[in-house]
Amino acid sequence: MRCLTPACSPSSERLAVLYPHLSNMLVLQTSSGIDHQLLNKRPRACLAYGGDKPLRYNRLNCRCNASSFAGRVADYASSNKTRNTGGAHQSMDDKVQRRLEIFHEGQDGPPLRILPIGGLGEIGMNCMLVGHYDRYILIDSGLMFPDYEDLGVQKILPDTGFIHRWRHKIEAVIITHGHEDHIGALPWVFPVLDPSTPIYATSFTMELIKRRLDEYAIKSDGRLKIFDMRTRFNAGPFEIESIRVTHSIPDCCGLILRCCDGTIFHTGDWKIDESPIDNKYFDRTALEQLSKEGVTLMMSDSTNVLSPGRTTSEADVAKALMHKVLSAKGRVITTQFASNVHRLGSIKLAAEASGRKLVFLGMSLRTYLDAAWRDGQAPFDPSILVKPEDMDLFAPKDLLIVTTGSQAEPRAALNLASFGNSRSLKLNKEDLVLYSAKVIPGNEIRVMKMMNRIAELGPNIAMGRAENLHTSGHAYRGELEEVIQLVKPQHFMPVHGEYAFLKEHERLGKDSGVRHTAVIKNGEMLGVAPLRNRKVLSSGFFPLGKEDLTLMYNDGDKAFGTAADLCIGERLRIALNGIIIVSMEVMRKEADKRHWQKGSDGPQNGLRGRVKITTRCLWVDRGKLLDALHKAATAALSSLPLDAALGLIEHTVGLALRKVVQKYSNRRPDVIVIASEASQSVRNPAVSQNGISIDEKRRTGSIQEKQVDAKWRSKQKQEPRSAFLKTQTSRGGNHPSFLKQNVKSKFHRAADEHTESRNGSAKEEMTLSSPKERTVYNGSESDLLPETPNSLETVSTESLTEEVLRFTGSEVNMTTRSTRESSDAGLMEEKAMDDSVNSAKMSSPTIRRKWKSGEVLVLIEARKQEENNLQQGQGRKRIWKAVAEALAEAGFERTPDQCKTVWFSLVKRYKSSVEAVNNGAKNFSFYDAMHVALSGMEVVSNKKSKE
């Protein structure tokens, strides 16, 4: 039929006879003076009921009155004056609008709607929404296996986010059979559905679903429903009837969906097996009855549409297996798809006929057999199988081994045996390997590599179509054509297959007499007009919008998300182009600070740094590329200003290295640059516009610590530092004289001179003990890079006295950190200092000072005084800051961490000296001071606990 307008209709009279209910409208069209050229453009108001080509569904149905029709045409005529037209009588604006149109919802549009989420234009991941207006059911929920481009991925899943958004519209899930490409995504789809949405499947398929949900600890909560063949049940907007079809797994069914606006037939995966192993035949009778009833839409499997003829029967494969097993003299090893329970029955018969014991290698084989056994469809009892660890108890000629690995999966039994890595299976020259499977497209290379490895080990291999060891579970072209002609649908849409397969299947449908056919892609919604009766043709298909679906990925474990979440593109890019990792310590060169502060032109370039470059998956040409990368990184760094931020440094160096590699080897690797300030480098005193130093902006740490550091520096400038604190010790009691309270200052309790020294030592110093001369770095303990000679301090063992504290590096390191970084917080308070003093401080690194005896005595007393504050709940950080301030008042500049480190070292030495003192030997010169301090602290602690 053509469009029902006078301009494109053969005659109004003829249409009036065919469609009497449109007679009033036809009169309107001929008498109201409507522009026929305008109607030829087929606007929104055009009566597109039929036509040689599928038209957009008309929002005006046959019950529209004349005034409504005329009004819409007039509106279109006025709105189309400024539109551009593309092609003959076609609006470009309308074309764009149709592409951008969202899904039809509600009662507007065709009642029957199809929205594939997966399975169209690909093999696997079968998942489709079929609905009546806004009520839908989900047919199947499968996964797809990745190809070589999806590195690190094991499963590709449908868009669960879209399913979750539409969960209020999805009223049921129907599963056609138990293959992974139909049930594999249920652990991810099941939780995103509405908690009340039921799952329907046959009994054997339901056993597989239960096991799969249990693997992921998902509770079904009574949502799993079992249906039988040829029984009708209501699910969502449809009355559903399942019919038996033959396939390579038990309990496979097609679905008949009935509603008030038509009937839909979905074949599922199928073939016509004329002599099935389980004697459950393809139900032609149901299809004949369905044809008489009338089918609005038929959707059929397209996997093998390019294969001419018909599939062979599973019984023919059983005969070929029997012949091979009976003629074998040694051990027989066969591999197949684990889900083909019918094939397992054929192998069992061959084993019995040859007197062999059956062994399964691979968990999936046992999984499907156990499910069939629980459902009552297993060809034999799984308990008769020989355990893999007991194979050595039998002669090789008495065994028939069934293994997984027909697709050369990395951890499958047969693939491991081809590498010689299987503990259970060791291949030898007397073995016969039967390849009773089909190579899935995309796995050809790795399967052939596996077979080559097996051939090198010596076994004989039987594979290929000529051996007749396998038959497909999907219908060939002859069977597809037979079913189309048997059902006689008004609309036909191929499903399940690559896009080329779908187009060829559509062509087959047209050749078989179906007038309305369509091929769509995942995410495209297709509408079907209601079926009137057998004598009136339907209106055809109507595109109703498109959704951009997002594939989801799983790595076989917990990782789940989009391609961006799992960084799949990044993995492939690194694999193909490589990666460069650069670790860089930036050292900012010294310069004349006065030039910078006065605004005159001073040296602004000359950044230096220590660069370490590591490459992966990248050809380095025996180190030549690495040399070029080092030179490029150094040159890029030196071209930057001295106050360049670390982010700018990383960007500039990364860009330079990418250009070097692209020019050298035409690769574009990922470059990761990690820049940091060198801990030993001398910082430049560059000042930003607001007067704050650049280094001050980069500095980390709490504000309180910066304030304390500034206070230490200011105290140091105000008070002269004494060389030593004088002490007058009294060895004759528990309270030595230097601890009495009649001193001038709270912390000046030691005498100006230390009169008593043992072994002629002029003064006592605290430092690291070492049996040999030791080099101490002027920096933090984590500094590992070599230093300049003037930044080192050499301590000889001969200069150490017997009172030197000896500590191990694994416990407490007495080497103090450099105070340069901690003192930088007081830069803003030092602006009044003389420029020459600042320049002198910058030009030479600070030499680390040793702890003097008087300094240690002040530390002990200060820590004792702070014990009361500690018991009152003050934090330990505050305690050690107070101790450091006390040392500053006494003229000693120490950080809280240094004070803490020395204190715990003293406590440890005191505890180790207690036994020696009890025996009359005193080898620790600070024993008396520590004894008094610790005793006083213990009294305070006991008093606080009693309170």
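Cut-off values and rules
Residues numbered from 1 in each chain as written. Predicted model: local features only at pLDDT ≥ 70, side-chain atom pairs only at ≥ 80, totals over all residues. Heavy atoms only, no water. Helix = DSSP H or I, 4+ residues; strand = E, 2+ residues; numbered from the N terminus. Polar contact = N/O pair within 3.5 Å; in protein donor to acceptor, adjacent residues only side chain to side chain. Contact = heavy atoms within 4.5 Å. Buried < 20%, exposed > 50% of the residue type's maximum accessible area, 1.4 Å probe, protein only. Pairing = 2+ DSSP bridges. Expected span 1.5 Å × (residues − 1). Arc of directions from axis to C-beta. Salt bridge = Lys/Arg side-chain N within 4 Å of Asp/Glu carboxyl O. pLDDT = per-residue confidence, 0-100. Axes fitted to C-alpha atoms, helices over the stretch in contact; angles between N-to-C directions. Parallel < 35°, antiparallel > 145°, perpendicular 65-115°, else oblique. Left-handed = near helix turned anticlockwise from the far one by under 90°. Nonpolar A, V, L, I, M, F, W, Y, C, P; charged D, E, K, R; others polar. Core = buried A, V, L, I, M, F, W, Y, C linked by side-chain atoms within 4.5 Å. Disulfide = S-S within 2.5 Å.

Quick look at the side chain of T205
Thought 1: With respect to the helices and strands, the residue T205 is situated in helix 9 (residues 203-215).
Thought 2: Here the side chain of T205 touches T202 through a polar contact of 3.0 Å, side chain to side chain.
Thought 3: In contact with T205, other than residues within four places in its own chain, are I175, H177, G178, I183 and D251.

Concerning the pairing of strand 5 (residues 170-174)
Thought 1: Taken across its 5 residues, strand 5 has 4 buried, putting it largely inside the fold.
Thought 2: Here strand 3 (residues 135-139) pairs with strand 5 via 4 bridges, running parallel. Paired with I137 across the strands is A172, a residue of strand 5.
Thought 3: Sheet topology places strand 5 next to strand 6 (residues 199-201); 2 bridges connect them, and they run parallel. Following the sheet pairing, V173 is matched in strand 6 by I199.

Structural notes on helix 20 (residues 624-638)
Thought 1: Taking 1.5 Å as the rise per residue, helix 20 with 15 residues should run 21 Å; its terminal C-alpha atoms sit 22 Å apart, in good agreement.
Thought 2: Residues of helix 20 that are buried include every one of L625, L629, A632, A633, A636 and L637, and no others. Mapping the buried residues of helix 20 onto a view down its axis gives an arc of 130°, with all of them on the same face. Those residues of helix 20 that are exposed and aimed more than 90 degrees away from the buried face are K624 and K631.

Side note on the pattern of salt bridges
Thought 1: Applying the stated rule across the entire model yields 31 salt bridges.
Thought 2: Of the charged contacts, one joins E207 and R374 as a salt bridge, the two residues approaching to 2.9 Å between their closest N and O atoms. A residue pair is termed long-range when its members are at least 10 positions apart, and E207 in helix 9 and R374 in helix 13 (residues 363-375) qualify at 167 residues.
Thought 3: Judged by its relative accessible area of 18%, E207 falls in the buried class.
Thought 4: Residues participating in the shared-partner salt-bridge network are R230, R232, E239, E241, R258, D283 and E293.

Section: the environment of P388
Thought 1: Structurally, P388 can be placed in the loop between helix 13 and strand 15 (399-403).
Thought 2: In this structure, the C-alpha to C-alpha distance between P388 and L361, residues 27 residues apart in sequence, is 6.8 Å.
Thought 3: Ignoring sequence-local partners within four residues, the contact set of P388 consists of V359, F360, L361 and S424.

Observations regarding the sheet that holds strand 4 (residues 155-157)
Strands in a sheet are paired, the pairing made by backbone hydrogen bonds, and the direction either parallel or antiparallel.
Thought 1: Within the open sheet, the 3 strands sit side by side as 4-22-23. Their pairing is antiparallel. For this open sheet the edge positions go to strand 4 and strand 23 (560-561), each flanked by a neighbour on one side alone.
Thought 2: Examined bridge by bridge, strand 4 and strand 22 (residues 552-554) share 3 bridges and lie antiparallel to one another. By the bridge assignment for strand 22, I156 is matched with Y553.

So, the confidence of the model for the protein chain
In low-pLDDT regions, the fine details of the predicted coordinates are not to be read closely.
Thought 1: Averaged over every residue, the pLDDT of the protein chain is 76; residues scoring 70 or more account for 67%.
Thought 2: Overall, residues 681-702 carries pLDDT values under 50, and its contacts beyond four positions in sequence, including any with other chains, amount to 47 contacts.

Brief notes about the sheet that holds strand 11 (residues 262-266)
Thought 1: The strand order across the open sheet built from 7 strands is 8-9-10-11-12-18-19, with neighbouring strands paired in mixed fashion. Of all the strands in the sheet, the pair left with one neighbour each is strand 8 (232-235) and strand 19 (516-517).
Thought 2: Here 6 bridges tie strand 9 (residues 238-244) to strand 10 (residues 253-259), and the two strands are oriented antiparallel to one another. Pairing of S242 across the sheet is with L255, part of strand 10.

Some points on the packing of helix 9 against helix 13
Two quantities define a packed helix pair, namely the angle between the helix axes and the distance between the axes.
Thought 1: Closest axis-to-axis distance for the helix 9/helix 13 pair is 9 Å, and the angle between their directions is 130°. As far as their axial angle goes, helix 13 and helix 9 are oblique. As for how helix 9 packs across helix 13, the hand of that crossing is right-handed. Taken together, the residues of helix 13 that come into contact with helix 9 (itself represented by S203, F204, E207, L208 and R211) are T367, Y368, A371, A372, R374 and D375.
Thought 2: Within the contact of helix 9 with helix 13, the residues separate by chemical class into 5 nonpolar, 2 polar and 4 charged.

Examining unusual backbone geometry
Thought 1: Positive phi, close to 55°, is recorded for A217, a residue that is not glycine.
Thought 2: A relative accessible area of 70% places A217 in the exposed class.
Thought 3: Here the phi dihedral of A408 falls at roughly 60°; this positive angle occurs in a residue that is not glycine.
Thought 4: Counting through the fold element by element, A408 comes out in the loop between strand 15 and helix 14 (413-419).

Some details on the nonpolar core
When a protein is soluble and globular, its nonpolar side chains tend to lie buried together.
Thought 1: Within the largest apolar cluster, 65 residues are counted, with the highest numbers of intra-cluster contacts made by L129, I209, L358 and F360.
Thought 2: Within the second largest apolar cluster, 32 residues are counted, among which are I114, A235, M493 and I520.

Topic: the state of the cysteines
Thought 1: As enumerated under the stated definition, the model contains 0 disulfides in all.
Thought 2: Cysteine C252 remains unbridged, with the sulfur of C253 as its closest cysteine sulfur at 6.3 Å.

Here we look at the environment of M450
Thought 1: Mapped onto the secondary structure, M450 falls in helix 15 (residues 444-457).
Thought 2: According to the relative accessible area criterion, M450 is buried, its value standing at 0%.
Thought 3: Put simply, M450 and E409 are 41 residues apart on the chain and 9.7 Å apart in space, counted from C-alpha to C-alpha.

Brief notes about the side chain of N126
Thought 1: With respect to the helices and strands, the residue N126 is situated in the loop between strand 1 (112-118) and strand 2 (127-132).
Thought 2: Among the polar contacts made by the side chain of N126, one reaches the side chain of H496 at a distance of 3.3 Å.
Thought 3: Apart from residues no more than four positions distant in its own chain, N126 is found in contact with G118, G119, I139, D140, S141, G142, D181, H182 and H496.

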